[in-house]
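Remarks on the overall topology
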Amino acid sequence: MSLDYPENMHEFEDRFAIEKARHPETTRDGLMKQVIEDAFQGYLDEAEEGHYDTGELVGKEIQIKSVHHDLLKKIPPMGDSFEDDFKKDGNKLMWYLEDQADKAAAEFS
């Protein structure tokens with residue numbers, strides 16, 4: 001993707017350095033969570049052809065909630081956590097997130 005949506009740890013570290021320079025309070029864990037949520041949300045918005053539902057990383061799962069904040073679906077990580085999945089193989093995680101967003105969008109329509 002890019003620094004907006006890092007797909008590997010090298011891109012993530014570049015993004016972290018930029019964010020840390022702009023916002024000293026930025027943490028690796030916080031940014032990692034944001035990167036995963038943003039990537040999933042981008043895939044979900046594309047699959048739903050607009051922003052209708054929201055994906056949020058809560059604990060070790062992504063929870064998809066409706067515009068009324070009703071829980072629609074929970075998506076588990078491939079391994080122990082989404083953060084570990086990203087560190088192990090960011091590209092594989094992005095494919096997984098895209099696939100899960102497509103499945104969710106098809107399920108909700």
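Just above sits the structure.
Because the structure is a prediction, the values reported are computed rather than measured.

1. Let's talk about the overall build of the protein
Secondary structure summary: the protein contains three helices and three strands in total. Helices and strands in the protein line up, N terminus first, as α-α-β-β-β-α. For 109 residues, the compact-globule estimate of 2.2 N^0.38 gives 13 Å, and the protein sits close to it at 14 Å. Considered along the principal axes of its C-alpha atoms, the protein spans approximately 40 × 25 × 25 Å. For the protein, the proportion of contacts with a sequence separation of at least 24, taken over those separated by at least 6, is 36%. Across the protein, the 13 positively charged side chains and the 27 negatively charged ones have centroids separated by 6 Å.

2. Looking at the nonpolar core
Judged by nonpolar contacts, the single largest core of 22 residues is most densely connected at Ile36, Phe40, Ile62, Phe82 and Leu97. Going through the elements one at a time, helix H1 (9-22), helix H2 (28-48), strand S2 (61-65) and helix H3 (82-108) are the ones with two or more residues in this core. Not counting residues within four places of it along the chain, the set of residues in contact with Phe82 comprises Ile36, Leu57, Lys60, Glu61, Ile62, Ile75, Pro76, Pro77, Leu93, Tyr96 and Leu97.

3. Regarding the packing of aromatic side chains
Centre-to-centre distance and the angle between the planes together describe a pair of aromatic rings. Tallied over the full model, the rule gives two aromatic pairs. Ring centres of Phe12 and Phe86 lie 6.1 Å apart, and the angle between their planes is 65 degrees; this geometry places the pair in the edge-to-face category. Highlighted residues: Phe12 in helix H1 and Phe86 in helix H3, separated in sequence by 74 residues. For the pair Phe12 and Phe86, one class covers both residues: buried.

4. So, the packing of H1 against H2
Remark: H1 packs on H2, axes separated minimally by 11 Å, with the N-to-C direction vectors making an angle of 120 degrees. Taken as a pair, H1 and H2 cross one another with a handedness that is right-handed. Side by side, H1 and H2 meet where Met9, Phe12, Glu13, Arg15, Phe16 and Glu19 of the first sit next to Arg28, Leu31, Met32 and Val35 of the second. Classifying every residue of the contact of H1 with H2 by side-chain character gives six nonpolar, no polar and four charged.

5. Here we look at the sheet that holds strand S1 (residues 54-58)
Strand order in the open sheet formed by three strands is S1-S2-S3, and the pairing between neighbours is antiparallel. Here the strands that pair on one side only, and so sit at the sheet edges, are S1 and strand S3 (71-75). Between one strand axis and the next, the sheet turns through 25 degrees on average, direction left out of account. Relative to S3, S2 is paired through four bridges, and the arrangement is antiparallel. Residue pairing across strands places Ile64 opposite Lys73, the latter belonging to S3. The sheet contacts of H2 involve S1, S2 and S3, and relative to S1 the element is tilted by about 155 degrees. Of the strands in this sheet, S1, S2 and S3 touch H3, which is tilted by about 145 degrees from S3.

Analysis parameters
Residues numbered from 1 in each chain as written. Predicted model: local features only at pLDDT ≥ 70, side-chain atom pairs only at ≥ 80, totals over all residues. Heavy atoms only, no water. Helix = DSSP H or I, 4+ residues; strand = E, 2+ residues; numbered from the N terminus. Rg over C-alpha atoms; globule rule 2.2 N^0.38 Å. Contact = heavy atoms within 4.5 Å. Lys, Arg positive; Asp, Glu negative; His and termini not counted. Charge placed at Lys NZ, Arg CZ, Asp CG, Glu CD. Core = buried A, V, L, I, M, F, W, Y, C linked by side-chain atoms within 4.5 Å. Buried < 20%, exposed > 50% of the residue type's maximum accessible area, 1.4 Å probe, protein only. Phe/Tyr/Trp six-rings, centres within 6.5 Å; stacked < 30°, edge-to-face > 60°. Axes fitted to C-alpha atoms, helices over the stretch in contact; angles between N-to-C directions. Left-handed = near helix turned anticlockwise from the far one by under 90°. Nonpolar A, V, L, I, M, F, W, Y, C, P; charged D, E, K, R; others polar. Pairing = 2+ DSSP bridges.

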